Amino acid sequence: MLLALSLVIIIAGPMLEAPPHDVLVLLLFLASTGALTVLASYALYKWGLISWFRSLRWALLAAIILTVLLIFLNVWVTARLMFIQQHDLVLTTLLLIFAGLSAISFGFFISSALAERIYKLARSAEQIAAGDLSVRVEMSGSDELASLATTFNNMVARLEEADAQKRALEQTRRDLIAWVSHDLRTPLASIRVMLEAMADGVVSDPDTVQRYLQNTQSEIRHLSRLIDDLFELAQLDANRLILNLEPSSLRDLISDTLGSMQAQAERRSITLQGHVEPDIDPVLMAPEKIQRVLDNLLGNALRHTPPGGTVTLQAWRVGDTIHVEIEDTGEGIAAEDLAHVFDSFFRGEKSRSRDDQGLRGAGLGLAIAKGLVEAHGGQISVRSEHGKGSCFSFTLPRGTL
């Protein structure tokens, strides 16, 4: 407004050679109408009067009409009061009317174009509300509406991803209930049958009774392991696992794990060997959790390696990262199963549920190992070729307190 008044002073005085009194009257008039215009527009903004319209198209058109009327008022009244004769005033009025109607026509189509782009967003939002998350808004340009459309599409993509995760989680929940029901029901049924046989006197031979008792103990241990696994997996999924980190010797932990697994390897005629570089210690870790990871990975390797095979554990340091690798010469993993081996309750082939020694797994070991490694800030991975063996590896940040 100040800039407009300054231009009037610069142009009206020297260039039009208008009398000072006329210039002053012109300035007062323009200042008055300008102030009224600013106040009117501020009132429309402050009181939200523009939102009274039922259509954005008509709101924009009304704003354009109001702008044209303000221009007409300023120009026509000023011209009538100050400088123009009757003939010129009529001509100016006609030109203003023509220009105003042209501007209103132009504004109508521009407002329609803007409104149509917004309607596209509205229709897409309605489709999303109806459950169609595949919809996307196609909108060209680089203005705010185009930016809004891009943000809208990104939002829908995230909603679609979240919906897919929700469906997968729901399927996992149903599978978990089915698998847990089976894994709990099977040992409980075995225990019940053996105990009923002994209680009813069906089995009285001391050797048979002793064998039944040993089998019952084995099934109870399996139930205990399954319950512990489910509890630990629930803690991992809920991010409630508490790690008591301390500088520890990973070398000693690996040595103890190999020693405890040696008897099982010998029973299965499998060569169990290890190589640990001397500079890996100390490692900031929760020893009992990493012990669990090593037990799960080595136990898995032994179960899937046939007699005469080899299981090798290696550990080395690269900078501040410790690499641990467990490689076997077993049956390997099918290519279509590789992406799922760390999923809870995933068993892939039939051999994954019970091996030739009758050892049963619930499909939780690898999922727990993955969760424990990631809780330490590491990563776990697998590479395998079906029929030629597998190699599970994980990393741990060396870390310091």
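Residues numbered from 1 in each chain as written. Predicted model: local features only at pLDDT ≥ 70, side-chain atom pairs only at ≥ 80, totals over all residues. Heavy atoms only, no water.

A.B. asks: Tell me about the overall build of the protein, residues and numbers included.
C.D. replies: A tally of helices and strands in the protein yields 9 helices and 7 strands. Within the protein, buried positions represent 36% of all 401 residues. Within the protein, residue pairs in contact and separated by at least 24 positions form 69% of the contacts whose partners lie at least 6 positions apart. Within the structure as shown, the protein displays about 24,300 Å² of accessible surface, and the carbon and sulfur contribution to it stands at 60%. (Helix = DSSP H or I, 4+ residues; strand = E, 2+ residues; numbered from the N terminus. Buried < 20%, exposed > 50% of the residue type's maximum accessible area, 1.4 Å probe, protein only. Contact = heavy atoms within 4.5 Å. Areas by Shrake-Rupley, 256 points an atom, 1.4 Å probe, with all protein chains shown as cover.)

A.B. asks: So, the packing of helix α8 (residues 287–303) against helix α9 (residues 365–375): which residues are in play, and what are the values?
C.D. replies: Where α8 meets α9, the closest approach of the two axes is 9 Å, and the angle between their N-to-C directions is 145 degrees. Along this stretch, α8 crosses α9, giving a crossing that reads as left-handed. Contacts from Lys289, Arg292, Val293, Asn296, Leu297 and Asn300 of α8 reach α9 at Gly365, Leu366, Ile368, Ala369, Leu372 and Val373. Taken together, the residues of the contact of α8 with α9 sort by class into 7 nonpolar, 3 polar and 2 charged. (Axes fitted to C-alpha atoms, helices over the stretch in contact; angles between N-to-C directions. Left-handed = near helix turned anticlockwise from the far one by under 90°. Nonpolar A, V, L, I, M, F, W, Y, C, P; charged D, E, K, R; others polar.)

A.B. asks: Can you explain the sheet that holds strand β5 (residues 321–328)? Please cite residues and give values.
C.D. replies: Taken together, the 5 strands give an open sheet; going across it, the order is β2-β4-β5-β7-β6, and neighbouring strands pair in mixed fashion. What marks the edges here is a single partner per strand, and that holds for β2 (271–276) and β6 (380–385). Neighbour to neighbour, the strand axes of the sheet diverge by 15 degrees on average, direction disregarded. In the sheet, strand β4 (residues 310–318) pairs with β5 via 8 bridges, with the strands oriented antiparallel. Opposite Arg317, over in β5, you have Ile322 as the bridge partner. Against the sheet, α8 touches β2, β4, β5, β6 and β7 (389–397), its axis set at about 170 degrees to β7. (Pairing = 2+ DSSP bridges.)

A.B. asks: How would you sum up α8? Please name residues and give values.
C.D. replies: For α8, which comprises 17 residues, the first-to-last C-alpha distance of 24 Å matches the rise-based estimate of 24 Å (1.5 Å per residue) to within 8%. Burial of α8 is extensive: 12 of the 17 residues sit out of reach of the surface. For α8, the complete set of buried residues consists of Pro287, Lys289, Ile290, Val293, Leu294, Asn296, Leu297, Leu298, Gly299, Asn300, Ala301 and Leu302. (Expected span 1.5 Å × (residues − 1).)

A.B. asks: Please provide a residue-by-residue account of unusual backbone geometry, values included.
C.D. replies: Residue Pro282 is reached from Asp281 by a cis peptide bond, and omega for that bond is -10 degrees. Assignment of secondary structure puts Pro282 in the loop between β2 and β3 (283–285). Positive phi, normally seen in glycine, also occurs at Ser269, with a value near 60 degrees. Its location among the elements puts Ser269 in the loop between α7 (250–267) and β2.

A.B. asks: Before we move on, can you summarise the pairing of β6 with the specific residues and values?
C.D. replies: Bridge analysis of β6 against β7 gives 6 bridges, and the strand direction is antiparallel. Considered in β7, the bridge of Glu385 is made with Gly389. Linking β6 back to β7 in an antiparallel pair, the connection comprises 3 residues, with Gly387 at a positive phi of about 90 degrees.

A.B. asks: Pulling in residues and values, what's your account of the pattern of salt bridges?
C.D. replies: Under the criterion given, the structure shown has 6 salt bridges. With its nearest N and O atoms 3.1 Å apart, the salt bridge here joins Arg123 to Glu116. For Glu116, a relative accessible area of 34% puts it in the partly exposed group. Across the pair Glu385 and Lys388 runs a salt bridge, and its minimum N-O distance is 3.4 Å. (Salt bridge = Lys/Arg side-chain N within 4 Å of Asp/Glu carboxyl O.)

A.B. asks: Kindly report on the confidence of the model for the protein, identifying the contributing residues and their values.
C.D. replies: Predicted confidence across the protein gives a mean pLDDT of 77, with 77% of residues reaching 70 or more. Low confidence marks residues 349–362, where pLDDT is under 50. Its contacts with residues over four positions away, or in another chain, come to 32 contacts. (pLDDT = per-residue confidence, 0-100.)

A.B. asks: Can you break down the nonpolar core residue by residue, with the values?
C.D. replies: Most often, soluble globular proteins have nonpolar side chains that are buried together. Within the largest apolar cluster, 40 residues are counted, with the highest numbers of intra-cluster contacts made by Leu250, Leu297, Val324, Ile326 and Phe394. Here this core gets 7 residues from one element, more than from any other, and that element is α8. Excluding residues within four positions of it along the chain, Phe394 makes contact with Val293, Leu294, Leu297, Ile322, His323, Val324, Ile326, Val373, Gln379 and Ile380. Counting 10 residues, the second largest nonpolar core, distinct from the first, contains Ile128, Leu133, Val135 and Ala149. (Core = buried A, V, L, I, M, F, W, Y, C linked by side-chain atoms within 4.5 Å.)

A.B. asks: Could you give an account of the side chain of Thr216, with specific residues and numbers?
C.D. replies: With respect to the helices and strands, Thr216 occurs in helix α6 (residues 206–237). Sequence-distant contacts of Thr216, that is, excluding residues within four places in its chain, are made with Ile191 and Met194.

A.B. asks: Residue-level account of α7, with values.
C.D. replies: For α7, spanning 18 residues, the distance from its first C-alpha to its last is 26 Å, which sits close to the expected 26 Å at 1.5 Å a residue. At Met261, α7 shows its maximal bend, which comes to roughly 35 degrees. Turning to α7, its buried residues number three or more, namely Leu250, Leu253, Ile254, Thr257, Leu258, Met261, Gln264 and Ala265. On its buried face, α7 is in contact with β1 (246–248), β2, β3, α8, β4 and β5. Where α7 terminates, the next one or two residues include Ser269, which has phi positive at roughly 60 degrees. (Bend = angle between axes of the 7 residues up to and from the residue.)

A.B. asks: How would you summarise the packing of α7 against α8 if you had to cite specific residues and measurements?
C.D. replies: Direction vectors running N to C along α7 and α8 enclose 35 degrees, while the axes themselves pass 10 Å from each other. Between α7 and α8 lies a crossing of right-handed hand. The residues of α8 that touch α7, namely those facing Leu250, Leu253, Ile254, Thr257, Leu258, Met261, Gln264 and Ala265, are Pro287, Ile290, Gln291, Leu294, Asp295, Leu298, Gly299 and Leu302. Within the contact of α7 with α8, the residues separate by chemical class into 11 nonpolar, 4 polar and 1 charged.

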